[in-house]
Amino acid sequence: MKNRQFILLIILLAVVFALTAVVMKFYTPKDKSTDTQELQSLRERQEIQILLGQAYFLMSNGDYVYAENTLNRLFEKSPNNILALQMQGQIYFNTARYAEAENTFRKLISINPENASNYNNLGQALAAKNDLKNAIVYLKRAIEIAPEVVMPYFNLAELYLRIGDKKAAIESLRIAFEVALKNRTLILNLSAFSALESEAEYRSLIAELLEKQLKLPAEKIVEDSKNEQN
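The structure displayed is predicted, hence computed values, not measured ones.

(A) Representation of the packing of helix H4 (residues 82–94) against helix H5 (residues 98–111). Where H4 contacts H5, the axes come no closer than 8 Å and their chain directions differ by 155 degrees. Overall, the two elements H4 and H5 adopt an arrangement that is roughly antiparallel. Judged by the twist between their axes, the crossing of H4 over H5 is left-handed. Contacts between H4 and H5 pair Ile-82, Leu-85, Gln-86, Gln-88, Gly-89, Gln-90, Tyr-92 and Phe-93 from the former with Tyr-98, Glu-100, Ala-101, Thr-104, Phe-105, Lys-107, Leu-108 and Ile-111 from the latter. A class-by-class count of the residues in the contact of H4 with H5 yields nine nonpolar, five polar and two charged.

If you want it as structure tokens, here you go:
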């Protein structure tokens, strides 16, 4: 489940760094007395981008302690930085501090209530705490906001399976497959649903999926699969 958080940090960071570079390149102070505060603000934003980059690099290499320390320095300058909070939540989740991850994702939802990934990630944190009832509620909310995103459907199906509702799990998988095929995304790993292999409806669903996937253009499948993994 850890790999099913869909926080596209590297893309967002690249955009932030590019915008910062453009701002600094074309910024020209009008006069020293009136522009001091604005220049300090620009420098502070640049420092924040540097800290974001450092934290992301450390987190990507599994150096969670140093990444967390870097984020704490960043929060002193920008307490509600969304990218930093997303990284903090992921660090908490990856280090099994699920209650702290839950608090961070709830904070992100309060800041941006229309971001589906925050609900998906909160659902994952709650599921890790075995609060399956509320986890399902938040995964459904993620789907309501972004019905074209595949991963919450799989996460939801997995939770239904955990509570023993195989019918609901299969139905969630059916929708996930429909969305994936619409997006031309190749589905390879279904090991989490091995408990459904004895169900005729599930076997039929898998056979149907394989048949439809074989009809997709090979080049498009490879391209979209790479994009899904990044």
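Once you've had a look at it, read on.
(B) Looking closely at unusual backbone geometry. Residue Ala-96 is not a glycine yet carries a positive backbone phi of 60 degrees. Along the chain, the position of Ala-96 falls in the loop between H4 and H5. On the basis of relative accessible area, Ala-96 is assigned to the partly exposed category, the value being 46%. A positive phi angle, near 60 degrees, is found at Arg-184, a position not held by glycine. Here Arg-184 shows up in the loop between helix H9 (166–182) and helix H10 (200–214). On the basis of relative accessible area, Arg-184 is assigned to the partly exposed category, the value being 35%.

(C) Just the packing of aromatic side chains, in detail. Scanning the entire structure with this criterion turns up four aromatic pairs. Ring plane angle 25 degrees and centroid distance 6.4 Å describe the contact between Tyr-119 and Tyr-138, whose orientation is recorded as stacked. Note that Tyr-119 is positioned in helix H6 (residues 116–128) and Tyr-138 in helix H7 (residues 132–145), a separation of 19 residues in sequence. Residue Tyr-119 is classed as buried on the basis of its relative accessible area, which comes to 8%. Relative to Phe-177, the ring of Phe-154 has its centre 6.0 Å away and its plane inclined at 55 degrees; by these criteria the two rings are tilted.

Each value, and the rule that gives it
Residues numbered from 1 in each chain as written. Predicted model: local features only at pLDDT ≥ 70, side-chain atom pairs only at ≥ 80, totals over all residues. Heavy atoms only, no water. Axes fitted to C-alpha atoms, helices over the stretch in contact; angles between N-to-C directions. Helix = DSSP H or I, 4+ residues; strand = E, 2+ residues; numbered from the N terminus. Parallel < 35°, antiparallel > 145°, perpendicular 65-115°, else oblique. Left-handed = near helix turned anticlockwise from the far one by under 90°. Contact = heavy atoms within 4.5 Å. Nonpolar A, V, L, I, M, F, W, Y, C, P; charged D, E, K, R; others polar. Buried < 20%, exposed > 50% of the residue type's maximum accessible area, 1.4 Å probe, protein only. Phe/Tyr/Trp six-rings, centres within 6.5 Å; stacked < 30°, edge-to-face > 60°.

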